[in-house]
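Listed below are the residues making up each chain.
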Amino acid sequence: MELRHLRYFSAVADTLHFGRAARRVHVSQPTLSQQIRQLEEELGAPLFERARSGVRLTQAGELFRTYASRALEDVDAGRVAVGALRGLTTGALRVGYPPSMRGVVLPALAAVLRRHSGLVLSAEEAVVRRVERRLADGRLDVGLGYAPARSPDLEAEPVFDSKLALVVAKGHPLAKLETVGAKPLAQEPFALLSRGLRVRARVDAWFAAIRIAPHVALESNAVATVLATVRAGLAVTVLPEPQLADAAGLAVKRLSPAPRAELAALLWRKGAPRTPAAELFAAEVRGARRPSRR
């Protein structure tokens, strides 16, 4: 029995689909099926029930999964320990974050890469639900989201208050004001993040609280698209501040009444070893933004 057998078995057990499992471990489906058959022959028992309706774990498969998962976790922990001894000269860092936190993540990743150029970085931008799911599945090393985490498999470490603010072009009339209330916004066109994103839900809740039905001229799941529209003077927007990846040509203004803030947090998988690269990234995030006292 070899380590690849355990990884292939785990992929099929997780997906209950030989095709998806093969893509996950980057082998052909016939190769994966052959390796699973070898494992079953060695164990002397079928691990999966294969039928037209799908794939299911047998009783032996359920039992073996516990031990296979434990073995893979031990191997990964050993790899982390060896990586720490090598002083981060090689290795990988997988980070997940929502679009609204790009302005926090990109500088932190750049700082990590400047100090350890041998690292391979993977930055995945997704809605918070997907970030939490992929982190819980072990496909990310660290994530950014909000406290408390929705998933019981994760722990959230608060790092800063996520406050909403108005963002306008520097030449916009509202850029001259320190604080902007509800009345001046009633006739403004807005560029907003798409519905379904957590930030958009917060923005919509604030509009409902001040009894404004905003004229939404553009919706996008990309912060860069929203900011480009605002920078061109075509609309204004409401986003968490000051987490803007590119604030050139923009003015950030306080809103009145102030929208409810949320605690942005580093997300970790409970009980999983934290890689040195993930800890270094987390230190950069902590250093950039401290949580305010309540």
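Residues numbered from 1 in each chain as written. Predicted model: local features only at pLDDT ≥ 70, side-chain atom pairs only at ≥ 80, totals over all residues. Heavy atoms only, no water.

As recorded in an unreviewed UniProt entry, the protein chain goes by the name Transcriptional regulator, LysR family, listed as coming from Myxococcus xanthus.

Caption draft 1: Region of the structure containing the environment of Ala-247. Inspection of the secondary structure assignment puts Ala-247 in the loop between strand E10 (237–241) and strand E11 (250–255). In this structure, the C-alpha to C-alpha distance between Ala-247 and Leu-227, residues 20 residues apart in sequence, is 8.4 Å. (Helix = DSSP H or I, 4+ residues; strand = E, 2+ residues; numbered from the N terminus.)

Caption draft 2: Local environment of the pairing of strand E5 (residues 142–146). Most of E5 sits inside the fold, with 5 of its 5 residues counted as buried. Residues Val-142, Leu-144 and Tyr-146 of E5 are buried on one face, and the alternating residues Gly-143 and Gly-145, pointing to the opposite face, are buried as well. Sheet topology places E5 next to strand E12 (residues 262–269); 4 bridges connect them, and they run antiparallel. For Leu-144, the partnering residue across the bridge sits in E12 and is Leu-266. (Buried < 20%, exposed > 50% of the residue type's maximum accessible area, 1.4 Å probe, protein only. Pairing = 2+ DSSP bridges.)

Caption draft 3: Layout of the packing of aromatic side chains. Applying the stated criterion across every chain yields a total of 5 aromatic pairs. Between the aromatic rings of Phe-18 and Phe-48, the centroid separation amounts to 6.0 Å while the plane-to-plane angle is 70 degrees, which identifies the pairing as edge-to-face. A residue pair is termed long-range when its members are at least 10 positions apart, and Phe-18 in helix H2 (residues 18–25) and Phe-48 in strand E1 (residues 48–51) qualify at 30 residues. With respect to burial, Phe-18 and Phe-48 carry one shared label: buried. Ring-pair connections join several aromatic residues into one group, and the members of that group are Phe-9, Phe-18, Phe-48 and Phe-64. Directly above the ring of Trp-268 sits Arg-274, whose terminal nitrogen or CZ lies 4.0 Å from the centroid. (Phe/Tyr/Trp six-rings, centres within 6.5 Å; stacked < 30°, edge-to-face > 60°. Lys NZ or Arg CZ within 6 Å of the ring centre and 35° of its normal.)

Caption draft 4: Molecular detail of the layout of surface pockets. If you add up the space inside the largest pocket, you get close to 1,600 Å³. Around the largest pocket, the lining comprises 45 residues; the ones closest to its centre are Arg-7, Asp-76, Arg-94, Gly-138 and Arg-269. Of all elements in the fold, only helix H1 (3–15), H2, helix H4 (59–85), strand E3 (92–97), strand E4 (120–125), helix H6 (128–136), E12 and helix H10 (276–288) reach the threshold of two or more residues within the lining of the largest pocket. In terms of residue count, H4 provides more of the lining of the largest pocket than any other element does, 9 residues in total. Viewed by domain, the lining of the largest pocket spans two of them, domain 1 (3–80) and domain 2 (92–161 + 266–288), each represented by three or more residues. (1 Å grid on protein atoms, 1.4 Å probe; cavity = no way out; pocket = protein on both sides within 12 Å on 5 of 7 lines; lining within 4 Å. Points joined across faces, edges and corners; volume = space filled by probe spheres on them. Domains from an automatic or database assignment.)

Caption draft 5: Focus on H10. End to end, H10 covers 19 Å across 13 residues, agreeing with the expected 18 Å (1.5 Å per residue, within 8%). Inspection of H10 places Ala-277, Ala-278, Leu-280, Phe-281, Ala-282 and Val-285 among the buried residues, and these make up the whole buried set. Each element contacted by the buried residues of H10 is listed here: E3, helix H5 (102–115), E5, strand E6 (154–169) and E12. (Expected span 1.5 Å × (residues − 1). Contact = heavy atoms within 4.5 Å.)

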